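# Coordinate inspection notes
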Amino acid sequence: MPMPASEIERLIKASIPDAEVSIRDLAGDGDHYAARVVSRSFAGLSRIKQHQAVYTALGGRVGGELHALQLETAVPNTETTSE
Amino acid sequence: MNDAQSRIGDIVKSNDIVLFMKGTALFPQCGFSSRAIAILDRLGATYETVDVLQDADIRNGIKEYSDWPTIPQLYVKGEFVGGSDIMMEMYESGELQQLVGADA
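Residues numbered from 1 in each chain as written. Chains lettered and ligands numbered in written order. Predicted model: local features only at pLDDT ≥ 70, side-chain atom pairs only at ≥ 80, totals over all residues.

## Regarding the confidence of the model for chain A
Chain-level statistics for chain A give a pLDDT mean of 88 and a share of 92% at 70 or above. Mean pLDDT across the elements of chain A ranges from a minimum in strand E3 (residues 68-74) of chain A, with 92, to a maximum in helix H2 (residues 47-57) of chain A, with 96. (pLDDT = per-residue confidence, 0-100. Helix = DSSP H or I, 4+ residues; strand = E, 2+ residues; numbered from the N terminus.)

## Remarks on the interface of chain B and chain A
In this assembly, nine residues from chain B lie in contact with eleven residues from chain A. Put simply, the parts of the chain that give the side of chain B that touches chain A at least two residues each are strand E4 (79-82) and helix H4 (84-93) of chain B. Looking at the side of chain B that touches chain A element by element, the count peaks at three residues for H4 of chain B. In the side of chain B that touches chain A, the residues fall into three nonpolar, two polar and four charged. (Contact = placed C-beta atoms within 7 Å. Nonpolar A, V, L, I, M, F, W, Y, C, P; charged D, E, K, R; others polar.)

## Concerning helix H3 (residues 56-66) of chain B
Residues and elements named next belong to chain B. Among the residues of H3, Ile58, Gly61, Ile62, Tyr65 and Ser66 are the ones counted as buried. Across the axial projection of H3, the buried residues extend over an arc of 115 degrees, all falling on one side. Facing away from the buried side of H3 by more than 90 degrees, the exposed set consists of Ala56 and Asn60. In the core, the buried residues of H3 are packed alongside helix H1 (3-14), strand E1 (17-21), strand E2 (48-51), strand E3 (73-76) and E4. (Buried ≥ 20, exposed ≤ 12 C-beta atoms within 10 Å, placed from the backbone. Arc of directions from axis to C-beta.)

## Quick look at the packing of helix H2 (residues 31-43) of chain B against H4 of chain B
A pair of packed helices can be characterised by two numbers: the angle between their axes and the separation between those axes. Residues and elements named next belong to chain B. The N-to-C vectors of H2 and H4 enclose an angle of 30 degrees; their axes lie 9 Å apart at closest approach. Classed by the angle they form, the pair H2 and H4 counts as roughly parallel. Read as a crossing pair, H2 and H4 show a hand that is left-handed. Along the contact surface, H2 presents Phe32, Arg35, Ala36 and Ile39, while H4 presents Ser84, Met87, Met88 and Tyr91. Tallied by class, residues from the contact of H2 with H4 come to six nonpolar, one polar and one charged. (Axes fitted to C-alpha atoms, helices over the stretch in contact; angles between N-to-C directions. Parallel < 35°, antiparallel > 145°, perpendicular 65-115°, else oblique. Left-handed = near helix turned anticlockwise from the far one by under 90°.)

What follows is the structure, given as structure tokens:
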């Protein structure tokens, strides 16, 4: 079921208020997205925890309603993260 | 711990590198699984795969096991590493090579 990029961004920001979210619709079908999420709240978290924070924000849609979401997370002004 | 969780635990603990995926290494059934295989092959890693499409209990159970909603999922030495996006990031940074002990 297609889901607009604006809705993905809204859900992420509702849960991670300082997030900078950029989303690309990879296939132009509203169903395959790549998202980059940058937030200070990711500092000190492993990549897994950062991604889980975004999945939590999306409330169980990833893997279901939202089949294909390539995800990249980062802390502002740093090289992604350290484990 | 239910049956699926203990089966997954056994698989993860008894294989140094194991990828839970859709399809097989030769015939991945999803772009993300295909990408994960391509990364492991590029590393020259020796790995096992589990086709979740062949087993609904594993397919659902693996998401609970790692608290991770998507497949593929890579485990190295008993630890959940991540999905294909994290694999790609770690491959590009050289961390994955170190983790799997490959010299590629």
